[in-house]
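So the chains spell out like this:
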Amino acid sequence: MSAIRRKFGEDYQVVNTNRAMSFSAPAKRKRQRFVEKNGRCNVQHGNLGGETSRYISDLFTTLVDLKWRWNLLIFLLTYTVAWLIMASMWWIIAYIRGDLGHGHDDSYTPCVANVYNFPSAFLFFIETEATIGYGYRYITEKCPEGIILFLFQSLLGSIVDAFLIGCMFIKMSQPKKRAETLMFSQDAVISQRDGKLCLMFRVGNLRNSHMVSAQIRCKLIKSRQTPEGEFLPLDQRELDVGFGTGADQLFLVSPLTICHEINSNSPFFDLSQRSLMNEQFEIVVILEGIVETTGMTCQARTSYTEDEVLWGHRFLPVMSLEEGFFRVDYSQFHNTFEVPTPPYSVKEQDEKSSLPSPGPILSPTLIEGRRRERIFSLDGVPHSDDPGSKLPSKLQRMCSKNGKEVLKTGSPQPTEKASSTGDLPLRVQRLGSLVGHGETENHLRLKPLKMGSETHTQSAGELEHHRKLSAPAPVPGPSLNPLPGSSSRPEDNLPAKLRRMNADH
């Protein structure tokens, strides 16, 4: 135990799942199994009607499939009845010919010498059938009916011997007895292997003779209802144990752990530790191979119900390296130990991994401050609060040359005021971007803006104040109004009156 803890850590606890010992798991009501642990299928056929004659047509297979007690009874009864019938026929021939009254008359020639009652006729039949030939009882040449009966007895005896002895030989050499030395773990486990959730169980071979071309298959027996409303009481689904990779072909010289990866194609895709308690299913395991000594195909079966599947367990190792050989400790074959395993299904884990990570949470005060400070340029990217940084680079250079940071309009009226390019109409912004060094070096002529019935211009502060007054009051709350995307037009960022004035020009 100390060596196991040093190898696997102190957090791992060995759990003995041997059914002969006490187990702390909660007891469940025994459920009807489809396949027993020893591989016997728990299915009985009834109400065959007239189909029972099919068993008689395949009499040899019927006798082989019978239990041993019935085979022995049929064997004894067949020989006993056949011997009595044939001995009676020899006695009848002697009775018809009148040989029974001349049993000790040396001058009389009977059909069969020294047959004068039924016991002597029975002994003659046994000597003939077993080819013992003591020489005391024999057929004479004056009995043609005895010669014909002798030929019939030889043919019938050969047929009965071949049938019954062959049936007993096949039944004794049946490969299903080889399956008694193939072991399956009492429980299946679910844990992670190579970062993936897997259903695992263990198989082993107790004999030194190998199973040639051993192959393993798994079937899930579970009731379900189709979308059309049809109820399937024992629906069978295949569990992939490495069919595509060749892992189902076993080299069974030592105990192997068979692994079924639980993925989107697995029937256990949405199985979690909690849902396992409420599930009702049965996993049938079929191991097939050729017996090396006889060359006959052998099949071993077992099954695991939902209460025999342990979540978060792993099998104890049974292989150890000795001096010159590997040793298998079958005392630890069924034992498991607990390992850290997520209690969620593979479906839940995939959904959690596909969800985007949440962004930073903004306070309502910070959201309101950012809403007030947003000023966007032509491409929709926010700029700094410096008034000079709101102008295009060419206009900034022109303003720096004259020592002024205002734009003079073309109207000579003293009431005209300048505005920043971020709040000017789109045509004015385009004109500012096209200004060269040789055109109106430091000034830009702007057309008068028509506001109602009079022409005037506004400063940047007044335009900003007007935009704030015309904007609707923000709705209180922590949510931030969506920013304009890069695909929206720049005119949509201007106030409503400026958009109408821009449309007039």
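Here the structure is shown first, and the text comes after it.
First, a word on scope: everything that follows refers to the structure included in this document.

1. Re a nonpolar patch on the surface
In step 1: A contiguous nonpolar patch, built from Phe 60, Trp 68, Leu 72, Phe 169, Ile 170 and Met 172 and spanning about 570 Å² of accessible area, is present on the exposed surface.
In step 2: Of all the secondary structure elements, the ones that give two or more residues to the nonpolar patch are α4 (68-97) and α6 (144-172).
In step 3: It is α6 that contributes the most residues to the nonpolar patch, three residues altogether.
In step 4: Assignment of secondary structure puts Phe 60 in helix α3 (residues 59-65).

2. Concerning the pattern of salt bridges
In step 1: Taken as a whole and assessed by the stated rule, the structure comprises 10 salt bridges.
In step 2: Between Glu 308 and Lys 37 there is a salt bridge; the shortest N-O distance is 3.6 Å. Of this pair, Glu 308 sits in the loop between β10 (297-305) and β11 (309-311) while Lys 37 sits in the loop between β1 (14-15) and α2 (53-57); the two residues are 271 residues apart in sequence, bridging distant segments of the chain.
In step 3: Glu 145 serves as the salt-bridge partner of Arg 97, at 3.1 Å between the closest nitrogen and oxygen. You can see Arg 97 sitting in helix α4 and its partner Glu 145 sitting in helix α6, a full 48 residues away along the chain.
In step 4: Taking relative accessible area as the criterion, Arg 97 reaches 30% and is therefore assigned partly exposed.

3. Concerning the pairing of β10
Both faces of the sheet carry side chains from a regular strand, because those side chains alternate between them.
In step 1: Bridge analysis of strand β9 (residues 282-291) against β10 gives nine bridges, and the strand direction is antiparallel. Directly across from Val 284, in β10, lies its bridge partner Ser 303.
In step 2: Here β9 folds back onto β10, and the loop between the two strands holds five residues, one of which, Gly 295, carries a positive phi near 75°.

4. Re the state of the cysteines
Think of a disulfide as a covalent bridge from one cysteine sulfur atom to another cysteine sulfur atom.
In step 1: Summed over all chains, the structure comprises one disulfide.
In step 2: Between the sulfur atoms of Cys 111 and its disulfide mate Cys 143 the distance is 1.6 Å. Disulfide Cys 111 to Cys 143: torsion about the S-S bond roughly -70°, handedness left-handed. With a gap of 32 residues between them, Cys 111 in the loop between α4 and α5 (118-129) and Cys 143 in the loop between α5 and α6 connect regions that are remote in the sequence. Each member of the pair Cys 111 and Cys 143 is classed as buried.

Analysis parameters
- Residues numbered from 1 in each chain as written.
- Predicted model: local features only at pLDDT ≥ 70, side-chain atom pairs only at ≥ 80, totals over all residues.
- Heavy atoms only, no water.
- Patch = residues over 30% accessible without salt bridge, like charges linked within 9 Å, V, L, I, M, F, W, Y side chains within 5 Å.
- Areas by Shrake-Rupley, 256 points an atom, 1.4 Å probe, with all protein chains shown as cover.
- Salt bridge = Lys/Arg side-chain N within 4 Å of Asp/Glu carboxyl O.
- Helix = DSSP H or I, 4+ residues; strand = E, 2+ residues; numbered from the N terminus.
- Buried < 20%, exposed > 50% of the residue type's maximum accessible area, 1.4 Å probe, protein only.
- Pairing = 2+ DSSP bridges.
- Disulfide = S-S within 2.5 Å.

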